[in-house]
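# Topology and contacts: notes
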Amino acid sequence: MGLKSNKNYIVTNAVENILAAPKALKQEKRFVESANYGKTPAYLQRIKDQINGEYENIREMQMAEEEARAAEKFVMSPEELQQLREGLKKKWEAVNKEYQTITHIRNIDTQGLKRKKEECEKQLAQIEKDMEKLNKQYIFVNSNA
């Protein structure tokens, strides 16, 4: 009851495909030949410029801090230096006199005398270190310390 056809669709399709002209291939875009090939994109260049600007700001801030620290330091005058040396000599003589009185005792048997002798030794050592520091030609003083 339906329509019948004597046409062989498989063979017809095969013949049409064999005789048909080949399909035209799409031309692939060659990125190597484009004008922007190998160039940094503009947004990356902007970010790089921002980062370099930040680095420059940081360098300027560090330089300003360094200049401020350098301005805080000054050279001590010779008069002040001489006063400090004399004061240290007087203190050394006083501590040394006290130390000499302790060392001439034959038996240092109490804890108080031992502690006092050790304290005098520490003070003498510290005063000698300070005197060595003051023997330099230029003494720089930090105004913040």
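Model, not experiment: these values are computed from the prediction.

Conventions we followed
Once a new chain begins, its residue numbering starts again from 1 and follows that chain's sequence as written. Per-residue local features are limited, in this predicted model, to residues with pLDDT of at least 70; the limit for side-chain atom pairs, both in listing and counting, is 80 or more; totals at the level of whole chains, interfaces and linings are taken over all residues. Excluding hydrogens and water, the side-chain figures rest on all heavy atoms present in the structure. For the purposes of this entry, the term helix denotes a DSSP run of H or I that reaches at least four residues, the term strand denotes a run of E that reaches at least two, and both are numbered from the N terminus. In a helix, the anticipated span is given by 1.5 Å times the number of residues less one. When accessible area is computed with a 1.4 Å probe and restricted to protein chains, residues below 20% of their type maximum are described as buried, those above 50% as exposed, and intermediate ones as partly exposed. Should any heavy atoms of two residues lie within 4.5 Å, those residues are counted as being in contact. Basic side-chain nitrogens of Lys or Arg form a salt bridge, by our definition, when they fall within 4 Å of a carboxyl oxygen of Asp or Glu. Between N-to-C directions, angles span 0 to 180 degrees; the directions come from axes that are lines fitted to C-alpha atoms, helices contributing only their stretch in contact. Any angle from 65 to 115 degrees is called roughly perpendicular, while one under 35 is roughly parallel, one over 145 is roughly antiparallel, and all others are oblique. For any helix crossing, the convention is left-handed if the near helix is rotated counterclockwise from the far helix by under a right angle, and right-handed if that rotation is clockwise. We call Asp, Glu, Lys and Arg charged. Ala, Val, Leu, Ile, Met, Phe, Trp, Tyr, Cys and Pro are nonpolar, and the rest, Gly among them, are polar. Definition used in this section: a nonpolar core is a set of buried Ala, Val, Leu, Ile, Met, Phe, Trp, Tyr and Cys residues joined via side-chain atoms within 4.5 Å.

## With respect to helix H3 (residues 78-103)
With 26 residues, H3 should cover 38 Å at 1.5 Å per step; its first-to-last C-alpha distance of 36 Å lies within 8% of that length. When we look at burial in H3, the residues that qualify are Leu81, Leu88, Val95, Asn96, Tyr99 and Ile102. Where the residues of H3 are buried, they touch helix H4 (111-134).

## Digging into H4
For H4, with 24 residues, the first-to-last C-alpha span of 35 Å sits near the 34 Å given by 1.5 Å per residue. Those residues of H4 that are buried are in contact with H3.

## Points about the pattern of salt bridges
In the structure shown here, the tally under the stated rule is 3 salt bridges. Ionic pairing is found between Arg30 and Glu33, a salt bridge with its closest N-O pair at 3.2 Å. No difference in accessibility class separates Arg30 from Glu33, as the two residues are exposed.

## Regarding the environment of Thr110
Tracing the sequence through the fold places Thr110 in the loop between H3 and H4. Under the relative-accessibility criterion, Thr110 is labelled partly exposed at 39%.

## Examining the packing of H3 against H4
Two numbers describe how H3 lies on H4: the axes approach to 9 Å, and their chain directions differ by 155 degrees. Classified by the angle between their axes, H3 and H4 sit roughly antiparallel to one another. Here H3 runs over H4; the crossing is left-handed. Split by residue class, the contact of H3 with H4 holds 13 nonpolar, 3 polar and 9 charged.

## Section: the nonpolar core
Within the largest apolar cluster, 11 residues are counted, these being Met76, Leu81, Leu88, Val95, Tyr99, Ile102, Cys120, Leu124, Ile127, Leu134 and Ile139. If you list the elements that add at least two residues to this core, you get H3 and H4. The residues touching Cys120, leaving out its near neighbours within four places in the chain, are Val95, Glu98, Tyr99 and Ile102.

Shape descriptors only; they carry no functional weight alone.
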